[in-house]
Amino acid sequence: MDTTTDPKYRMTISRLTVDKLGVKLYDRVSAVLAELVANSYDADATRVEIVAPMGEYLATKDSDRVVDKGYEIIVRDDGVGMTPDQVNEFYLKVGAERRRDPRRGDRSPVFGRKVMGRKGVGKLAPFGICERIELLSSGGVPVSGLDREGNPTSGYLTAHLVLSREKILSDTDELYAPETGTLDGTVSPSRGTTLTLSGFGYRYVPDIEELDRQLAQRFGLRREDWAIELVDVNRGASDPDRTRIVGAFSIDTMDNTVLRLEGTQVIGPDNKPVDDLKSGFEVDGRFYPVTGWIGYSKNPYRDDLMAGIRIYCRGKIAAQTGIFNRRAGFTGEHDVRSYLVGEMHADWLDEDEDLIQTDRRDILWSHELGQAFEKWGQSLVVRIGRASRQPMKKKAWQQFLETSDLPRLVDDAFPSQIQQPIRENAIEIAKMVAETMRDEELQDQTAVRSVVNLSLLFAPHLTLDRKLREAADHESPLEAVTGVLQTARIAELSSFGRIAEDRVKVIERVEVLKGDATLQEEVYQELIENAPWLIDPQWAPITANQRFSTLRRAFENYYRERTGEEIHLDPFSQPLKRSDFVLSNQDQTIHIIEIKRPGHRFENDEMTRLNRYHELMNAFLEEPNNAEFNKIFPEYHLTLVCDGERLTGVYKTAFEALQREGKLTYINWETFLLRTRKMHESFLEEAERQRRDAAKTFA
């Protein structure tokens, strides 16, 4: 190295600038490489090669100490390069705006590319991940001189220097003088620049596939004279995956969702201009164009790289936005946040004023121009939210069909020709619900199966309702009676047969639970509350009956006034309170249902409580103030499900008296389940027989 007292190269820079603009902003390998690639693009390179150990950490951690592994990352291009004088004048001056320099200007010298760089700080990016940058660059006009072996040659003058992060950040006011490399001043046969990074911190290089995606996402370039090649030194020379050309950032979009931004127009999925939208906006009489596209991805976001809309300035990413900072609460918001993608180009973002944050992670939305851009983008987001509702529904339905096996299940449930309308309505019901389901729900087999069951359950009822309406609207209703009766019969048998099937499954489940000694009585009480047909197959679950709810509350108050004790009859809407018993109403009769754990024997103290319920309910209904309740519910009955009793003396006498009076039904668990199962199985067999007979009759 050249160690003369009058160094050839000098960098004019404040230590704070290097720390803030290099180290602090660029802490990811992909971000650093993107800055170096952008410099190669501005230097009219047609090819830039990145050589690195991919899928690898560049250093190890030993307690609090970071140990470099000795790797290098090389970024090599075939651009116009630099001479030693140009390195001093341009490269080593940090923060000098290239576009306003008349010697370099706004366009590249060979291809006339709009240059990406503006602030002149991207060259510091490597110091965010490494300690040492070696620069080897050859450029300028052809000259004669010596090559690297010392032989006479003609070509391009070479600059060779080494930058040290530690020395740059040293606490001194003196100018920093980089070390001069051994090849400095030699002549190279070709132009170009090579940067070699070494001395790394604890940083990870993505694998070659992921680095490809990350760089593709950062550059929105489509040029035949430009390519980025990745070389993974961790793979052997014969490995076909050792090298890769970075492609375009590709996202599969949903059919009929893409809006294209062309010229001054927004073109809809039907290839027709959207009348009330322009591909850009106006501020103070000037139109600011935005080109590109916006749409829905075929699948939800895979990662942050594809989330939202990528905004490019001069081919380099400037920001990524999901919904242009729009507040929540607009049509299609959930789908927009999960599926909205796009690519927009706005080269004016850093022309007159620079609206791009230094780390290129966002735009200065608070600026007047940024606010106008934001407002325009929000209107576009709202439009795409509305326009994409139908494609989203179609996608959800297709995914539901793939997950649910719905057509086969519907055919199995309603196989005969006469059941064709029921099959169609089952599909219609499932589609109506499936189109509103979110992606995670569509992947949930339990949720999908619930929708299938719902469609099979309600299809007969919907069919019957439509047939009745059809008959009512018929010019001669009598002509439609036969068809209605046929449909009603099939619908009724299909519906009740399915109910019986489901009930038998519930009974089988209860028989299994019966053997679990850890379950408390409230579990069985809740079961009866939701499935009272377990007590009597003719009973239906309690519907929202305001008068019965009022009676429940009134009896709770009455019980408290007479006994000074609290009683809870609505436990299942209040999970922290335990139910004392199940209070139900069937056929104008109030049913007090006391259900005990399987194997439990009824005790004297429990009989005292049951008898108290009997006496107080009787007194409650006879109260003059409760005459209205007495009219609606003139009878009450006690039901006890229990595996035996250990009653003695007056307790046993009272128990037997209630049975003789017809006020108490006592049943053990085995009889309880056997009776319920046999009644439902008999019904199921009869329903299936009649359904087969009806299918033959109406075929």
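First, a word on what this report is: a plain description of the structure on this page. This structure is a prediction, so every number in the text was calculated from the model and none was measured.

Positive phi outside glycine occurs at D284, with the angle close to 50°. By the element assignment, D284 lies in the loop between strand 17 (280-283) and strand 18 (286-289). Take D284: its relative accessible area is 70%, and that puts it in the exposed class. Even without being glycine, N325 reaches a positive phi, approximately 60°. In this structure, N325 sits in the loop between strand 21 (316-321) and helix 6 (333-339).

Under the definition given, this model contains 23 aromatic pairs. Aromatic side chains Y57 and Y204 sit 4.9 Å apart centroid to centroid with 55° between the ring planes, which places their arrangement in the tilted category. Residue Y57 is found in strand 2 (residues 56-57), and its partner Y204 is found in strand 11 (residues 204-205); the two are separated by 147 residues along the sequence. Taking the centre distance of 5.2 Å and the plane angle of 75° together, the rings of Y288 and W348 count as edge-to-face. Of this pair, Y288 sits in strand 18 while W348 sits in the loop between strand 22 (340-345) and helix 7 (368-387), placing them 60 residues apart in sequence. Of the two residues, Y288 and W348, neither departs from the other in class, the shared state being buried. Among the aromatic residues, those joined into a ring-pair cluster are F281, Y288, F324, W348, W365, F373 and W376. Its guanidinium or amino end placed over the ring of Y91, K123 lies 5.8 Å from that ring's centre, counting from NZ or CZ.

Another aspect to go through is helix 2 (residues 29-42). Here helix 2 contains 14 residues, and its C-alpha end-to-end distance of 20 Å stays within 8% of the 20 Å for a straight helix at 1.5 Å per residue. A positive backbone phi angle near 65° is found at D44, which sits one or two residues after helix 2.

Calculation notes
- Residues numbered from 1 in each chain as written.
- Predicted model: local features only at pLDDT ≥ 70, side-chain atom pairs only at ≥ 80, totals over all residues.
- Heavy atoms only, no water.
- Helix = DSSP H or I, 4+ residues; strand = E, 2+ residues; numbered from the N terminus.
- Buried < 20%, exposed > 50% of the residue type's maximum accessible area, 1.4 Å probe, protein only.
- Phe/Tyr/Trp six-rings, centres within 6.5 Å; stacked < 30°, edge-to-face > 60°.
- Lys NZ or Arg CZ within 6 Å of the ring centre and 35° of its normal.
- Expected span 1.5 Å × (residues − 1).

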